Amino acid sequence: MTAFNAFGAGSTPQDVSYLLQNTKTPQPVVDGFDESKLDAIPWQELRSSWLEIDLGAIRNNTVVARRALSAGTRLCAVVKADGYGHGSVPVAKTALAAGAAFLAVATVPEGVELRKAGIIAPILVLSEPPATAAAVLLHYHLLPSVYTSEFAIAYAEVADSAGMSAPFHLAVNTGMNRIGVRYDQVIDFLRAITFHRALKLEGTFTHFATADCPEEFDFALQFRRFQEVIATMRQFGIDPGLVHCANSAALLRYPKTHMDMARLGISLYGPHPCEETRPYYDLRPAMSLHARITAVNTPPMSEGVSYGMHYRSPGSVKICALPVGYADGFPRALSGQTSVIYNGRLCRQVGNICMDQCMFEVDMRLYGSSSRLDPQVGDEVILMGSQNGACIPIEELAARCGTIPHEIMCALALRLPRVYR
């Protein structure tokens with residue numbers, strides 16, 4: 001019989017027995033090095049690629065959003081997914097210092113991380129957690145989204161047994177059809193759960209699917225449905241608490257959606273939610289991608305570069321290697337479709353992007369009054385960002401990959417270290 005286990009699919013019992021008998025227990029390494037000193041070596045001496053996070057840009061974007069808000073509307077900074085790859089704790093602290101009043105995350109552990117960092121602002125979990133997270137929610141004062149009666153009652157029971165109330169925000173599905181109580185079932189849902197004395201409705205919200213689109217029909221329909229839900233709740237004597245529905249696009253485009261609070265997500269980090277907002281708001285990108293050249297080659301004419309050799313040297317070029325690849329979140333789909341910035345000038349990325357490396361071309365021929373570039377190992381290069389008027393925006397990289405800036409940001413942060421300035 002074939003065994004399927006930690007030793008690999010297809011391994012036999014004999015294979016497993018052999019491995020167990022012949023695997024030695026790891027022994028401490030004795031080589032004269034002090035491991036504590038090795039652990040203290042800064043990452044800059046261990047890696048030649050990194051992300052730079054401009055907290056000044058986070059501050060600027062928070063202020064821009066606050067100025068766009070209607071009087072009395074609170075600002076919620078969305079710092080889920082590790083602050084869209086920027087680092088949830090430094091982003092949250094910066095946004096709160098710049099005037100945000102609320103924070104939003106996607107998971108309970110994300111909220112716990114903020115609390116353990118000393119953040120005391122209200123934190124909303126934008127989805128309904130498992131009921132087993134109830135005690136953690138209550139201990140760390142995290143507000144869950146609620147849209148099933150099973151979770152609501154389980155959460156309330158844990159709170160009641162601890163002599164606490166169970167605050168929550170009600171998520172309403174107005175047409176996005178992802179999560180939430182359907183807009184025409186809200187009253188029945190609340191009647192089914194509000195018998196429990198511990199439950200405390202502190203907010204009601206929905207999420208727009210098309211606020212960033214030129215066509216407004218679906219957006220208008222969702223907003224009208226949400227307004228009707230709030231009005232009906234009040235007619236039945238139900239206080240909806242903090243009412244919020246605006247995401248970045250709605251916050252910047254539609255003041256009528258601001259209500260009690262607006263949630264600033266992608267635009268907190270610099271990208272515009274749509275082209276319509278670009279002429280009116282000075283949003284600044286907070287993330288840039290940097291690396292140092294690790295090798296310089298001068299392949300003869302017609303010799304190929306990288307896997308598949310889809311690029312071949314035209315001659316009189318230097319091919320420079322950078323320690324950034326698709327394992328760092330730099331998409332392979334960008335192969336031959338982007339540039340890098342070296343010494344303030346755009347240079348073409350060439351060859352297939354590898355798991356851990358990519359290459360770019362420096363033309364050694366002179367053109368007019370242009371000075372010749374002379375790349376050297378250790379020189380800094382920018383793969384996303386700007387320098388001396390040359391710019392490679394994240395929106396451009398995302399468009400060439402057929403995706404959105406959110407995905408690029410999150411992927412880049414998985415392995416690359418971050419530097420804050």
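Visitor: Even after reading the chapter, I still don't get helix 3 (residues 55-68), so can you show me in this structure?
Guide: Given 3.6 residues to a turn, an α-helix orients residues that are three or four positions apart in the same direction. Over its 14 residues, helix 3 extends 20 Å from the first C-alpha to the last, a length consistent with the 20 Å expected when each residue adds 1.5 Å. Burial in helix 3 covers these residues: L55, A57, I58, N60, N61, T62, V64 and A65. Turning to helix 3, the residues buried within the fold contact strand 1 (49-53), strand 2 (74-78), helix 5 (88-97), helix 11 (248-253), strand 10 (261-264) and strand 21 (418-420). The opening residue of helix 3, the one whose side-chain oxygen lies 2.9 Å from the backbone nitrogen of G56, is D54.

Visitor: Explanation requested: the pairing of strand 11 (residues 287-292) in the structure shown.
Guide: One face of the sheet, then the other: side chains in a regular strand alternate in exactly this way. Of all the 6 residues making up strand 11, 5 are buried; the element is thus mostly covered by neighbouring parts of the structure. Bridge analysis of strand 1 against strand 11 gives 5 bridges, and the strand direction is antiparallel. Bridge pairing links W50 to H290 in strand 11. Bridge analysis of strand 11 against strand 19 (residues 380-387) gives 4 bridges, and the strand direction is antiparallel. For L289, the partnering residue across the bridge sits in strand 19 and is M384.

Visitor: Teacher, can you tell me more about the pattern of salt bridges here?
Guide: It is possible for side chains of opposite charge to pair when their charged atoms get near one another. Per the stated rule, a full pass over the model turns up 16 salt bridges. The closest approach of N and O atoms between R47 and D328, which form a salt bridge, is 3.3 Å. With R47 in the loop between helix 2 (35-39) and strand 1 and D328 in the loop between strand 15 (317-322) and strand 16 (339-342), the pair connects residues that are 281 residues apart, well separated along the chain. Under the relative-accessibility criterion, R47 is labelled partly exposed at 22%. As a salt-bridge pair, R421 and D54 come within 3.8 Å of each other at their nearest N and O atoms.

Visitor: Explanation requested: the environment of H406 in the structure shown.
Guide: For H406, the position within the fold is in helix 13 (residues 405-412). Linking H406 and I394, residues 12 residues apart in sequence, is a C-alpha distance of 9.3 Å. Excluding residues within four positions of it along the chain, H406 makes contact with Y84 and I266.

Visitor: How should I be thinking about the side chain of T174 in this particular structure?
Guide: In this structure, T174 sits in the loop between strand 6 (166-173) and strand 7 (181-182). Here T174 falls in the buried class, since its relative accessible area comes to 0%. A distance of 2.9 Å separates polar atoms of two side chains, one belonging to T174 and the other to T206. The residues touching T174, leaving out its near neighbours within four places in the chain, are Y183, T206, H207, Q222, R225 and F226.

Visitor: What am I meant to see in the packing of aromatic side chains here?
Guide: Aromatic ring pairs are reported here in terms of the distance separating the ring centres and the angle at which the planes meet. Evaluated as defined, the whole model comprises 8 aromatic pairs. Measuring from centroid to centroid gives 4.2 Å for F219 and Y254, while their planes differ by 20 degrees, and the two rings are stacked. Here F219, found in helix 10 (residues 217-235), pairs with Y254, found in the loop between helix 11 and strand 10; they are 35 residues apart in sequence, far enough to count as distant. Residue class for F219 comes out buried when judged on its relative accessible area of 2%. Where Y342 meets F360, the ring centres are 6.3 Å apart and the plane angle is 45 degrees; that geometry is what we call tilted. Of the two residues, Y342 sits in strand 16 while F360 sits in strand 18 (residues 358-363), which places them 18 residues apart along the sequence. Pairwise contacts between aromatic rings join F208, F219, F223 and Y254 into one cluster.

Visitor: Can you help me understand the nonpolar core in this one?
Guide: Most often, soluble globular proteins keep nonpolar side chains buried together rather than apart. Formed by 118 residues in total, the largest nonpolar core has its most connected members in L114, Y155, L170, L289, L322, F360 and L383. Element by element, the count of residues in this core is highest for helix 10, at 6 residues. Excluding residues within four positions of it along the chain, L289 makes contact with W50, L51, V324, F330, V381, I382, L383, M384, L412 and L416. The next biggest cluster of nonpolar side chains, apart from the first, holds 8 residues, and it includes I319, A321, C354 and M359.

Visitor: Help me understand the state of the cysteines, please; the structure alone is not making it clear to me.
Guide: Put plainly, two cysteines are in a disulfide when a covalent bond ties their sulfur atoms together. Following the criterion strictly, the structure yields 0 disulfides and no others. You can see C213 has no disulfide; the closest cysteine sulfur is in C274, sitting 8.4 Å from it. Residue class for C213 comes out partly exposed when judged on its relative accessible area of 28%.

Visitor: I tried to follow a nonpolar patch on the surface on my own but got confused; where do I start?
Guide: On the surface, F33, L38, I41 and L46 cluster together into a nonpolar patch covering about 410 Å² of accessible area. Relative to the elements of secondary structure, L46 occurs in the loop between helix 2 and strand 1.

Visitor: Any chance you could explain the environment of Q44 here in plain terms?
Guide: Examined against the element boundaries, Q44 turns out to sit in the loop between helix 2 and strand 1. A sequence separation of 155 residues divides Q44 from L199, and the C-alpha atoms of the two residues are 50 Å apart.

Visitor: For this particular structure, what's the right way to read the environment of G315?
Guide: Mapped onto the elements of the fold, G315 is located in the loop between strand 14 (311-312) and strand 15. Linking G315 and Q349, residues 34 residues apart in sequence, is a C-alpha distance of 16 Å. If sequence neighbours within four positions are ignored, G315 has contacts with M301 and R365.

Criteria and thresholds
Throughout this document, residue positions are counted from 1 along each chain, in the order its sequence is written. Predicted model: local features are reported for residues with pLDDT of at least 70 only, side-chain atom pairs are reported and counted for 80 or more only, and whole-chain, interface and lining totals are derived from all residues. Hydrogens and water are ignored here; the side-chain numbers use all heavy atoms of the structure. Labels follow the DSSP assignment, with helices taken as runs of H or I lasting at least four residues and strands as runs of E lasting at least two, numbered in each case from the N terminus. Multiplying one less than the number of residues by 1.5 Å gives the expected span of a helix. Here the term buried applies to any residue with accessible area under 20% of the maximum for its type, exposed to any over 50%, and partly exposed to those in between, with areas from a 1.4 Å probe on protein chains only. In this description, contact between two residues means that some pair of their heavy atoms is separated by no more than 4.5 Å. We call two N or O atoms a polar contact when they sit within 3.5 Å, provided that within protein one can donate a hydrogen and the other can accept it, with sequence-adjacent residues counted only if both atoms are side-chain atoms. Should DSSP find at least two bridges between two strands, the strands are regarded as paired. Here a salt bridge means any side-chain nitrogen of Lys or Arg lying within 4 Å of a carboxyl oxygen belonging to Asp or Glu. Pairs were defined over the aromatic rings of Phe, Tyr and Trp, the Trp ring being its six-membered one, requiring ring centres within 6.5 Å. Orientation was assigned from the angle between planes: stacked under 30 degrees, edge-to-face over 60, tilted for the rest. Think of a nonpolar core as a cluster: buried Ala, Val, Leu, Ile, Met, Phe, Trp, Tyr and Cys residues, connected wherever their side-chain atoms sit within 4.5 Å. By definition, disulfides here are pairs of cysteine sulfur atoms that lie within 2.5 Å. Patch members must show over 30% relative accessible area and no salt bridge, and they are joined within 9 Å when carrying like charges or within 5 Å when they are nonpolar side chains of Val, Leu, Ile, Met, Phe, Trp or Tyr. Under the convention used here, a 1.4 Å probe and the Shrake-Rupley method define accessible areas, while residue burial counts only the protein chains that appear.

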